Each structure stands twice: as C-alpha cells, then as structure tokens.
Amino acid sequence: MTKGLNPDALMKDSGVEWLGEVPEHWGISKLKWRASTTSGGTPTTSKYEDYYEDGDIPWIRTTDLNNDKLNETPIMITPKAVRDSACSLLPKNSVLIAMYGGAGSIGKHSLLNFESTINQAVCGVLPSEAFVPDYLHRFYEFYRPFWMIGAAGTRKDPNIGQDNIKEAKTLLPPLNEQNQIADYLDKMQSHFDALTESAEQAIQLMQERRTALISAAVTGKIDVRGWQAAEQS
C-alpha cells in the first residue's frame, strides 16, 4: 500500500514520518481534497413501528463493519425513518470507517457492496474519481492503527470524527496501479484464506482421529497390553 508492486520504482520522501519513502510518481493528498464524506443517524426505537417494522432499507452500525467487503447487514429501516432522521442513502462502493469506540472499534472498515444508510458512529467516504474503491478500502485497512494518534474525547473510549478522516493523508497511485494493487491483495487474501481453511480441516481431522483412537483403546477394540514407548534417539 505504500511502496507499490514495482521494486525498481524510483522513490521520494513522502514528507510524512510514518509513511517514509513512496514511489516518485505517486501523489499524496488530504482525503478532503479528493473525496467527500458523510455520516448518518439512529432513528428512535420509540417509534419502532414507523421506523423499523417491515423496513427494507439497510442500516449499518460500527458492529456491522467486517474489515472486508460488506454484502449484507441485519437491520432494516423504513423510508419514513430516512425522511425523519439524518440517515441519507449512501451509494455502493462507499468506504465505511468506524469513528467511535476506542482502539477496539476505531478504524473498523468495510467496502459497501449495496446502497445503505449508516448511523452517526460511521463515516462514509463517498465514491470518487480519484480512487479505485477497493484500493481505498485496502488503504484504510493499512491505516487503521494510526487513527488512535488523533483520537480524543471526554468519554472512557477516545473517538475520531469526520474532520480526522478528512484531514488524514492518503496515497494516490495512478488508477491503473490502484487496480493492480487491489487485485494483487485480493488474490493473496484468497490464497491465505484457502491455506487457513486447509489447516483448520487438518486440525479437525486429527482431533477426530485422536478421539477415535482413545475410544478404541478404552473400549478394548485395540490391544495395548504389549505397548512400549519408543526409545528416544
């Protein structure tokens, strides 16, 4: 996310301490100069029948963000809830970032794969011609640990606001490189997910065989009377 895929690219000092050197032909910009942000609201539950019952408009909270592509959300609200609250409808390919909840929640993110509303604890970065959506989403996955630097608040857990997100620096590779980086990371993630699944299946199989072996030994299905431990070499 900060060096690109070409190991031979000429580098330059980014001017940002935590970024270090970046490819010479990349841009560096505050988000507010390249994209717009918004947030939402929470329709009151005291009007559940009007605002939630039989709702068909998705509504997203920080707890729904999955640090991945978001394809569904469990809570729906009604058109009346949208009209009566701050819940505007965000377009597909918006990048969602959690603003509240301290280190455990700040910076949780998702790439929105459907139109949806959000609550006031979520910032939506609207699609922009400057960014490939999946690249920007991946950038904020990299950036997540840095949000706590500017977090503040009077509550127990510090928060960030839209201003923190708008003022934060972003990297701007050319769009074709953004696509290449996003595709590369998708492929690598799929590869690691497959390895993880294979390892989990192997562990489960070994546990099943261990259980079967113990069961066979204690029920007399195998004769262990002459068993001796192997000599250590």
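Above this text you will find the structure in question.
Residues numbered from 1 in each chain as written. Predicted model: local features only at pLDDT ≥ 70, side-chain atom pairs only at ≥ 80, totals over all residues. Heavy atoms only, no water.

## Looking at the sheet that holds strand E10 (residues 117–118)
Put simply, the rule is: By definition, two strands form a pair when at least two bridges between them are found by DSSP. The helix and strand labels rest on DSSP assignments: H or I over at least four residues marks a helix, E over at least two residues marks a strand, and numbering proceeds from the N terminus.
Taken in spatial order, the 3 strands of this open sheet run E7-E5-E10, and their pairing is mixed. A single partner strand is all that each edge strand has here, and the edge strands are strand E7 (75–77) and E10. Where strand E5 (residues 57–60) and E7 come together, 3 bridges link them in antiparallel fashion. By the bridge assignment, Ile-57 is partnered in E7 with Ile-77.

## Some words on the packing of aromatic side chains
Here is the rule: The rule is short: rings of Phe, Tyr and Trp, with Trp giving its six-membered ring, pair when the centres are within 6.5 Å, and they are stacked under 30 degrees, edge-to-face over 60, tilted in between. Buried, partly exposed and exposed residues are distinguished by accessible area as a fraction of the type maximum, computed with a 1.4 Å probe on protein chains only: under 20%, between the cut-offs, and over 50%, respectively.
Taken as a whole and assessed by the stated rule, the structure comprises 13 aromatic pairs. Ring plane angle 40° and centroid distance 6.1 Å describe the contact between Trp-18 and Phe-142, whose orientation is recorded as tilted. Taken together, the residues span a long stretch of sequence, with Trp-18 in the loop between strand E1 (11–13) and strand E2 (21–23) and Phe-142 in helix H3 (residues 133–143) at a distance of 124 residues. The partly exposed category is assigned to Trp-18, whose relative accessible area is 29%. By relative accessible area, which is 26% here, Phe-142 ends up partly exposed. Where Phe-139 meets Tyr-143, the ring centres are 6.0 Å apart and the plane angle is 25°; that geometry is what we call stacked. Of the two residues, Phe-139 and Tyr-143 both sit in helix H3, 4 residues apart, roughly one turn of that helix. Here the two residues Phe-139 and Tyr-143 agree in accessibility, since each one is buried. An aromatic cluster of three or more residues is present, and its members are Trp-18, Phe-139, Tyr-140, Phe-142, Tyr-143, Phe-146 and Trp-147.

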